[in-house]
Amino acid sequence: ANFISMVNSIRDSEIRLIFKKITKRNANTAIPAINDLINMIPNLDYDTTFIEIVGHCCMGFDYLFYDPDSSVRVLALEMIGCIIKRLQKSIVDYLSLIFPTLYLYVNDDNENVRDKAKGILDEMFQSNEKKKIFFAKLQSDICDKIQNVLCDLPGPESASINNE
C-alpha cells in the first residue's frame, strides 16, 4: 500500500487530517502540517496513538524525501528525529524502515538537509563503531532502498537508469 492510501487508515481524525495535508505536495500546506505533527508526537499516548502512527511517519519520511522543497525535507528529518527519541530502545523494530532512508537524506544535495540527517545519525549512534555495525546489518536494505529511489526519480522522458 502507498503512503497516501495508508493515511486513510489512521483512526485519530486530527492526525489523519495532518497526514492528508502532508500528502498534498505543496510546501505551504505541508510545512505547517509537519510542524503540527512534530509538536503532537511527544504528547501522544504511547501505547495507542503513537504506536499506531509510527509506521505512517516512516512512510511519510520516505514520501517527503522526494519533495523539491528543502525546508520540507528538513522538517521530515525533524519529525523522524522526534519518532526516534520517543521510541528509545524500541527503535530496533523500526531500523530497517528508518535507517536506509535516513542514509539517503545524508546524501541530499542541500547542505541543511545533509547536516540535519547527519545530526540524527550521530544521535542514534553515539559511536562510529555502532554506526558501522548497523550499516553492515542493514546494507542490503540500504541498497534496495537506493535502487527503489533511483527507479522512482523522474528523469528526462522518464528514462530508466538502465538506459545507457
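As a starting point, this report considers the structure included with it.

Analysis parameters
Residues numbered from 1 in each chain as written. Predicted model: local features only at pLDDT ≥ 70, side-chain atom pairs only at ≥ 80, totals over all residues. Heavy atoms only, no water. Helix = DSSP H or I, 4+ residues; strand = E, 2+ residues; numbered from the N terminus. Axes fitted to C-alpha atoms, helices over the stretch in contact; angles between N-to-C directions. Parallel < 35°, antiparallel > 145°, perpendicular 65-115°, else oblique. Left-handed = near helix turned anticlockwise from the far one by under 90°. Contact = heavy atoms within 4.5 Å. Salt bridge = Lys/Arg side-chain N within 4 Å of Asp/Glu carboxyl O. Buried < 20%, exposed > 50% of the residue type's maximum accessible area, 1.4 Å probe, protein only.

Okay, unusual backbone geometry next. The residue Arg 25 is not glycine, and still its phi comes out positive at about 60°. Tracing the backbone through its elements, the reader meets Arg 25 in the loop between α2 (13-22) and α3 (27-40). Notably, Gln 88 is not glycine yet its phi reads approximately 50°, a positive angle. Its place among the elements puts Gln 88 in the loop between α5 (70-87) and α6 (95-106).

The geometry of α6 relative to helix α7 (residues 111-124) is characterised by a closest axis approach of 8 Å and an angle of 140° between their N-to-C directions. Considering their axes alone, α6 and α7 lie oblique with respect to each other. Regarding α6 and α7, the two cross each other, and that crossing is left-handed. The segment α6 lies against α7, with Leu 95, Phe 99, Leu 102, Tyr 105 and Val 106 engaging Val 113, Arg 114, Ala 117, Lys 118, Ile 120, Leu 121 and Met 124.

Here the idea is simple: oppositely charged side chains can pair when their charged atoms come close. If you walk through the whole model with that rule in mind, you get four salt bridges. Ionic pairing is found between Arg 11 and Glu 52, a salt bridge with its closest N-O pair at 3.7 Å. Linking Arg 11 in the loop between α1 (3-7) and α2 with Glu 52 in helix α4 (residues 46-64), this pair joins segments that are 41 residues apart in sequence. Judged by relative accessible area, Arg 11 falls into the exposed class, the value being 68%. Taking the shortest distance from any N to any O, the salt bridge between Glu 123 and Lys 85 comes out at 3.8 Å. Of this pair, Glu 123 sits in helix α7 while Lys 85 sits in helix α5; the two residues are 38 residues apart in sequence, bridging distant segments of the chain. Using a relative accessible area of 54% as the deciding quantity, one classes Lys 85 as exposed. Ionic contacts of the salt-bridge type, sharing partners, join the residues Arg 73, Asp 108 and Asp 109 into one network.

Remember, this is a structural readout, not a statement about activity or role.
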